[in-house]
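Results of the structural survey
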Amino acid sequence: MQHPDILLIYLFLVRLVTSSLVLVMYLKNRSMINLSLFIATSAYAISAVFLVLADYINAFDVLAGIFAVLGIFFILLSILNLVYRFKLLNLHILSIILCVVVIAVTLFNNDFSRIAVLAVQALIVIFALIALLVRNRRFREALGVSYRWLLASMVFGNLAIAVHIVNFLPESNLDLMPKVLTFLTSLMLAVFFVQLEFITQNKKITKYNEELKRESERLEKAKNEQIAMVSNISDVIVILDQEARIKYISPNIEKLFGWKPQDLLGESGFRHLRQDRIRGIIKDYNRILKEYDTPQSIEVEYMGADGKFRIVSMTVNNQLMNPDIEGVLINFHDISEQKKLEEE
């Protein structure tokens, strides 16, 4: 096998890998752009097959040109849709018309038809280059580093087409050059798609992280608002577990009764109640444990950090079966002054 044939086989393998990569991109994100890119790379891969066969049957050379036109055109569709927001459906209709024209020209299967196919390829690539350069900044923002590889592939693609056309001139001997340039073009396109997928995934991760950060900030703000609200209400909120140990107590306990919340966590909820009346309180608590979601009000004497007992009114509600609480919910407030006024 001659060297050009080996180069064309390498060309087919590069385009096949590129097409497979774009197929994965399309399956992950079923967008019309990715579909256009998959059609483009698939047509480009088929074109390489016909280029290999063209060394043995000349007719395949024209078919290779047709599929190359298709590949380049669908890449152009994706470029136009990415930045210029052209409707892909209209562009697909235009591509069908283009294919009909190219096939009609190539039916003659002569040098003129081959030059016509190459001329169409050149026009499409030049149009794509102009589109890339006119909106240079927009493409750089959308494609990042991969923009350079796309630009380079278009330049090398134009060179390959130009050398192909030169080959039709008498006494030209550049048979290997267009194949080398075509191979380099495909290699650059492969690098472009690899980087494009990397950038796309990186953008998704960045977007996800930004959303996660915003959600975290929102939750932190809601948490701070809740703490501020709980800290400024007149009722202390407590959650006891089934063994009556404190698993949560609101921060306002320090302002109202002098206890630091962190010092009370894990302690018995009965510890600071008047001990000579603790049996009755425990009995009431055990009864409440048997009645789910039935709020009950009781009055007890609760000792503050200063050692003085205050009369507090408690509302006790068994929420052990509530997955958001999993405990006995208690809220209480000081009614000592109220009781004193009632007695007076």
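Preceding this section is the structure that the text describes.
We now turn to the structure provided with this report.

1. So, the overall build of the protein chain
- Tallying secondary structure elements over the protein chain gives twelve helices and five strands in all.
- Counting all 344 residues of the protein chain, 40% fall into the buried class.
- For the protein chain, the share of sequence-separated contacts (at least 6 apart) that also reach a separation of at least 24 residues comes to 56%.

2. Describing a nonpolar patch on the surface
- Nonpolar side chains collect at one region of the surface, where Ile6, Ile9, Tyr10, Leu13 and Leu16 lie side by side and expose about 410 Å² of accessible area between them.
- Along the polypeptide, Leu16 turns up in helix H1 (residues 3-28).

3. A short note on the packing of aromatic side chains
- Enumeration according to the criterion identifies four aromatic pairs in this entry.
- On the numbers, 5.6 Å between centres and 50° between planes, the contact of Phe257 with Phe332 is tilted. Within this pair, whereas Phe257 is found in helix H9 (residues 252-257), its partner Phe332 is found in strand S5 (residues 327-334), the two being separated by 75 residues in sequence. As far as burial versus exposure is concerned, Phe257 and Phe332 are alike and both buried.
- Aromatic pair Phe270 and Tyr285: ring centres 5.4 Å apart, planes at 85°, arrangement edge-to-face. Taken together, the positions of Phe270 in the loop between helix H10 (261-264) and helix H11 (278-289) and Tyr285 in helix H11 put the pair 15 residues apart, joining distant regions of the chain. Here Phe270 and Tyr285 have matching classes, each one buried.
- By the ring-pair criterion, three or more aromatic residues cluster together here, those being Phe257, Tyr302 and Phe332.
- Cation over ring: Arg274 sits above Phe309, and NZ or CZ is 4.3 Å from the ring centre.

4. A few points about unusual backbone geometry
- A positive phi angle is found at Asp293, which is not glycine, with a value near 55°.
- Locating Asp293 in the fold gives a position in the loop between H11 and strand S3 (296-303).
- What makes Asp293 partly exposed here is its relative accessible area of 44%.
- Residue Glu326 is not a glycine yet carries a positive backbone phi of 50°.
- Mapped onto the secondary structure, Glu326 falls in the loop between strand S4 (309-319) and S5.
- Classification of Glu326 as partly exposed rests on a relative accessible area of 46%.

5. Side note on the nonpolar core
- Ile79, Leu132, Leu143, Leu150, Met154, Phe192 and Leu196 are the most contacted members of the largest nonpolar core, which totals 35 residues.
- Residue assignment for this core shows that the elements contributing at least two residues are H1, helix H2 (32-54), helix H3 (59-84), helix H5 (111-134), helix H6 (136-143), helix H7 (146-166) and helix H8 (176-231).
- Grouped together as the second largest cluster of nonpolar side chains are 24 residues, Ile246, Ile278, Tyr302 and Ile330 included.

Cut-off values and rules
Residues numbered from 1 in each chain as written. Predicted model: local features only at pLDDT ≥ 70, side-chain atom pairs only at ≥ 80, totals over all residues. Heavy atoms only, no water. Helix = DSSP H or I, 4+ residues; strand = E, 2+ residues; numbered from the N terminus. Buried < 20%, exposed > 50% of the residue type's maximum accessible area, 1.4 Å probe, protein only. Contact = heavy atoms within 4.5 Å. Patch = residues over 30% accessible without salt bridge, like charges linked within 9 Å, V, L, I, M, F, W, Y side chains within 5 Å. Areas by Shrake-Rupley, 256 points an atom, 1.4 Å probe, with all protein chains shown as cover. Salt bridge = Lys/Arg side-chain N within 4 Å of Asp/Glu carboxyl O. Phe/Tyr/Trp six-rings, centres within 6.5 Å; stacked < 30°, edge-to-face > 60°. Lys NZ or Arg CZ within 6 Å of the ring centre and 35° of its normal. Core = buried A, V, L, I, M, F, W, Y, C linked by side-chain atoms within 4.5 Å.

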